[in-house]
There are 2 protein chains.
Amino acid sequence: MRHVAALAGVGVKTVSRVINGEPNVSAATIAKVEAAARTLDYQPDLHAGNLRRADGRTRTLGLLVGSVDNPFSGAVHRAVEDAALARGVSVFASSLDDDPDREQEAVSAFLRRRVDGLILTTISESQAYLAPELRRGTPVVFVDREPAGLTSDAVVSDNADGAALATRHLLEQGHRRIAYLGDRHDIQTARERHRGYLDELGRAGVSTRGQQIIEGLHNEATSRAATLALFDAPNPPTAIFSSQNLVTIGVIRALRELGRQHDTALVGFDDVPLGDLLDPGVTVVAQNPQEIGRTAAERVFARLDGDISAAARTIVPTQLLERGSGEIAPRAEG
Amino acid sequence: MRHVAALAGVGVKTVSRVINGEPNVSAATIAKVEAAARTLDYQPDLHAGNLRRADGRTRTLGLLVGSVDNPFSGAVHRAVEDAALARGVSVFASSLDDDPDREQEAVSAFLRRRVDGLILTTISESQAYLAPELRRGTPVVFVDREPAGLTSDAVVSDNADGAALATRHLLEQGHRRIAYLGDRHDIQTARERHRGYLDELGRAGVSTRGQQIIEGLHNEATSRAATLALFDAPNPPTAIFSSQNLVTIGVIRALRELGRQHDTALVGFDDVPLGDLLDPGVTVVAQNPQEIGRTAAERVFARLDGDISAAARTIVPTQLLERGSGEIAPRAEG
DNA sequence: TGTCGCCTTGACAACGATGTCATCGATAGG
DNA sequence: CCTATCGATGACATCGTTGTCAAGGCGACA
């Protein structure tokens, strides 16, 4: 900036005024400064300015998602980015990998860079460590999973309800042996989906004792192996509820290998890419990651704009997409 | 930091020393400072430090990809993030949307935030506007698409070769009417893939005059419509080469609607999620986005570490994955 | 013509950190 | 016992920018 000022023959403050479009600069001066800035390819240093600026905003957001190469995360990320772009805000994105250490590291990296707000998917047992930052006024919005040990805005799917919906759908087809294949129990949404499944069985008066319930599945490989094991054991289920997109894919692979994709019902939680093109089509309880991301970004910006209402939990509805796999009738007993 | 210093009863410089682990601080002082920092939940301001620091590094990278919710982009992003994480570097990610204005905006946002390096997928006709930044010493690595009007590192797939491979594969099955469904011509890789397709036909002595060549397809919808139109016209192709993942998906949808997925061969460029689970499986020339991202990040960090060798173009091999759709024989003429 | 006020401009301090350098005390060597 | 050396520490300038404030010039108005 001093160089631009020197070249234009004006003071640095005047350059600052021109760059920021402040009033009360003569047209001639503006022209001189702009010419000099172009000549030197000057780009203002946002962070230096931020150091002194009254509002202390870095126009930067920290986003922590499951993994930037997961389709759900990608959709959330895209929605957040679009909302941020409209306000000239850049987004730091990180992958959580459901690792508490990564969570801490990522959040710490965001805070050291003085992001204006945080949009977080978390895995740690408690997010109480964010309390001081919240007090300092940094908006924190939790996405996908609700926070623990801390009260702040959250934007989530209705996990228990969605799981109940999936379970009810299978019950309605006449299934009574509905296996549950779920993610790790330290994941809040996995617990909720498990609960929704159990509750719905209870409401239908179906015993949960005889059901095969497998938790701790976290990727395609473990899910596939678990499914194969199910059918290697006596009394395999006639239907499966899988609680997560990667788990669903693992189930699909296993059913195909066993040639049972047409005689075993399957409903997945969270949509699967090209799920409508498979045979059978994959029935899922679809979440709405775009809406989740958009809403979360809106919350952050509303907070930054001064909204001091109580922390709110926004629930984004899920939707049952019937595509075939969930409408398979139970096998005749034998 | 002044607060920490005050609470610990030491000077700010001493706090700085403790935070940065510099030598020559007594154990007692270190303890006092660390206690004070914990009490106040102190997080150093990386940007303030960077202003004065000798190396001028923000430990920040700018990444511009097609779209953060495209699977190819997501994989590149993830690989870059992993490499960055190992060095304590955070990543700004933005979506290009093949819009030159977005490119300019994103790059400008990165530069104003003084990123240490850029990893870019570009759409503008020329990236000459980056020359001053390059001269300033900022490493710029182009991914997926090669730069124009500027020489810098690039990490790309062998697009022409891969397209030729796909085309040759279809020729080898006996096809002679192989439609080309391609992306917009202003996209460098689309031009390369088109060229590879034409070259291979030429090498095989197959006339390109009779081939149906449709360009300008950019998403599922336009690709699906174009495919439907192909089969609505006389003399539809017996095989299709689609040059991009979304285009491939559009073709698959259209072929299904027409019930021709089993009598029309299809090879796509770039892999499609769950492509192996469809019926028929989707034969593709798969790229290796993880490797592209990893290599690009390595180049940036090598440059930051002082590598001043000439700009290099790294080619990441593609791989033909035969899954069924590409191995369909031509229909009997009639 | 003098006063007032507005427009334009720049000098200066400050933001939160680090690089440089000086100071102080203790320890070792002669 | 004196001095050279080294470890520990803090004062101060500085990074690139913006907020504050004062000064100079000019036109309007009485």
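The rules behind the values
Residues numbered from 1 in each chain as written. Chains lettered and ligands numbered in written order. Predicted model: local features only at pLDDT ≥ 70, side-chain atom pairs only at ≥ 80, totals over all residues. Heavy atoms only, no water. Core = buried A, V, L, I, M, F, W, Y, C linked by side-chain atoms within 4.5 Å. Buried < 20%, exposed > 50% of the residue type's maximum accessible area, 1.4 Å probe, protein only. Helix = DSSP H or I, 4+ residues; strand = E, 2+ residues; numbered from the N terminus. Contact = heavy atoms within 4.5 Å. Near = heavy atom within 4 Å. Polar contact = N/O pair within 3.5 Å; in protein donor to acceptor, adjacent residues only side chain to side chain. Nonpolar A, V, L, I, M, F, W, Y, C, P; charged D, E, K, R; others polar. Least-squares fit on C-alpha atoms with pLDDT ≥ 70 in both. Pairing = 2+ DSSP bridges. Domains from an automatic or database assignment. Expected span 1.5 Å × (residues − 1). Axes fitted to C-alpha atoms, helices over the stretch in contact; angles between N-to-C directions. Phe/Tyr/Trp six-rings, centres within 6.5 Å; stacked < 30°, edge-to-face > 60°.

Membership of the largest hydrophobic core comes to 40 residues, with the highest contact counts inside it found for Leu-181 and Ile-240 of chain A together with Leu-181 and Ile-240 of chain B. Of all the elements in the fold, those that place two or more residues in this core are strand E6 (178–181), helix H10 (220–232), helix H11 (245–258) and strand E10 (283–286) of chain A together with strand E6 (178–181), helix H10 (220–232), helix H11 (245–258) and strand E10 (283–286) of chain B. Those residues within four positions of Leu-181 of chain B in sequence are excluded, and the remaining contacts are Ile-214, Leu-217, Ser-223, Thr-227, Leu-230, Ile-240, Phe-241, Ser-242, Ser-243, Val-247 and Val-251 of chain B. In terms of nonpolar packing, the next biggest core, distinct from the first, is built from 38 residues, Leu-118 and Ala-154 of chain A together with Val-107 and Leu-111 of chain B among them.

Residues in contact with DNA strand D amount to 26 residues; listed here are only the nearest, Met-1 and Ser-16 of chain A together with Thr-14, Thr-29 and Arg-52 of chain B. Within 4 Å of the protein, the contacting atoms of DNA strand D are 60% sugar and phosphate, with bases supplying the remainder. At 2.6 Å, a side-chain N or O of Arg-17 of chain B approaches a base nitrogen of DNA strand D. Here a phosphate oxygen of DNA strand D sits 3.2 Å away from a polar atom, N or O, in the side chain of Asn-24 of chain B. Of all the secondary-structure elements, those providing two or more residues to the surface near DNA strand D are helix H2 (12–19) and helix H4 (46–52) of chain A together with helix H2 (12–19) and helix H4 (46–52) of chain B. Here the surface near DNA strand D is built from residues that sort into nine nonpolar, ten polar and seven charged.

Mapping chain A onto chain B calls for a rotation angle of 180° and an axial translation of 0.0 Å; the resulting RMSD is 0.1 Å. Such a combination of turn and shift is consistent with a two-fold rotation axis. Across chain A, the smallest distance between a C-alpha and the rotation axis is recorded for Phe-92 of chain A, namely 2.3 Å. Interface overlap between copies is the fraction of interface residues in one copy that are interface residues in the other; for chain A against chain B it reaches 100%, indicating a shared surface.

Below, the discussion takes up the side chain of Ser-152 of chain A. Inspection of the secondary structure assignment puts Ser-152 of chain A in the loop between strand E4 (140–143) and strand E5 (153–157). A polar contact of 2.6 Å, which involves the side chain of Ser-152 of chain A, links it to the backbone oxygen of Val-140 of chain A.

For the rest of this paragraph, the subject is the pairing of strand E4 (residues 140–143) of chain B. Residues and elements named next belong to chain B. Burial along E4 is two-sided: Val-140 and Phe-142 facing one way and Val-141 and Val-143 facing the other are all buried. Direction of pairing for strand E3 (residues 117–120) relative to E4: parallel, over a ladder of three bridges. Residue pairing across strands places Leu-118 opposite Val-140, the latter belonging to E4.

Quick look at the domain arrangement of chain A now. In terms of domain boundaries, chain A breaks down into domain 1 (2–44), domain 2 (60–157 + 289–316) and domain 3 (159–287 + 320–327). Domain 1 of chain A and domain 3 of chain A are separated by 63 Å when their C-alpha centres are compared.

Residue and element names in this part refer to chain B. Helix length check: H11 (14 residues) gives 20 Å between terminal C-alpha atoms against 20 Å at 1.5 Å per residue, within 8%. In this structure, the buried side of H11 is in contact with helix H5 (71–85), E6, H10, strand E8 (239–242) and strand E9 (265–269). With a side-chain oxygen lying 2.6 Å from the backbone nitrogen of Leu-246, the N-terminal cap of H11 falls on Gln-244. Where H11 ends, the next residue or the one after it, Gly-259, has phi of about 70°, a positive value.

The subject of this paragraph is the sheet that holds strand E8 (residues 239–242) of chain A. Strand pairing in a sheet is mediated by backbone hydrogen bonds. Such pairs are either parallel or antiparallel. Residues and elements named next belong to chain A. Pairing in this open sheet of six strands is mixed, and the strands run E7-E6-E8-E9-E10-E12 from one edge to the other. If you trace the sheet from one side to the other, it starts and ends with strand E7 (213–214) and strand E12 (319–321), each paired once. Summarising the sheet, E8 and strand E9 (residues 265–269) pair through four bridges and their orientation is parallel. Pairing of Phe-241 across the sheet is with Val-267, part of E9. The sheet strands contacting helix H8 (residues 159–172) are E6, E8, E9, E10 and E12, and the helix crosses E9 at an angle near 170°. Its contacts with the sheet place helix H9 (residues 188–203) against E6, E7, E8 and E9, and it is angled at close to 170° to E6.

Let's shift gears to unusual backbone geometry. Among all residues save glycine, negative phi is the norm, and among peptide bonds the norm is trans. The omega angle of the peptide bond from Asp-279 of chain A to Pro-280 of chain A is 0°, so this bond is cis rather than trans. Its place among the elements puts Pro-280 of chain A in the loop between E9 and E10. One non-glycine residue, Asp-270 of chain A, adopts positive backbone phi at about 85°. Along the chain, Asp-270 of chain A falls in the loop between E9 and E10. With a phi angle near 60°, Leu-274 of chain B is a residue other than glycine that sits in the positive phi range. Considering the arrangement of structural elements, one finds Leu-274 of chain B in the loop between E9 and E10. Of the residues examined, Leu-274 of chain B reaches a relative accessible area of 9% and is grouped as buried.

Once that is clear, we can look at the packing of aromatic side chains. Summed over the entire model, instances satisfying the criterion amount to nine aromatic pairs over all chains. Ring geometry for Tyr-180 of chain A and Phe-241 of chain A: centres 5.9 Å apart, planes at 50°, overall tilted. Taken together, the residues Tyr-180 of chain A in strand E6 and Phe-241 of chain A in strand E8 connect sequence positions 61 residues apart. Of the two residues, Tyr-180 of chain A and Phe-241 of chain A, neither departs from the other in class, the shared state being buried. Here the aromatic rings of Tyr-197 of chain B and Phe-241 of chain B are separated by 6.4 Å at their centres, their planes lie at 20°, and the arrangement is stacked.

Moving on to the protein's contact with DNA strand C. Around DNA strand C lies a shell of 24 residues, among which Thr-14, Thr-29 and Arg-52 of chain A together with Met-1 and Ser-16 of chain B are the nearest. Counting only the atoms of DNA strand C that lie within 4 Å of the protein, the sugar and phosphate share comes to 57%. For DNA strand C, a phosphate oxygen lies 2.4 Å from a polar atom in the side chain of Thr-14 of chain A. Here Tyr-42 of chain B contributes a side-chain N or O atom positioned 2.7 Å from a phosphate oxygen of DNA strand C. Of all the secondary structure elements, the ones that give two or more residues to the surface near DNA strand C are H2 and H4 of chain A together with H2 and H4 of chain B.

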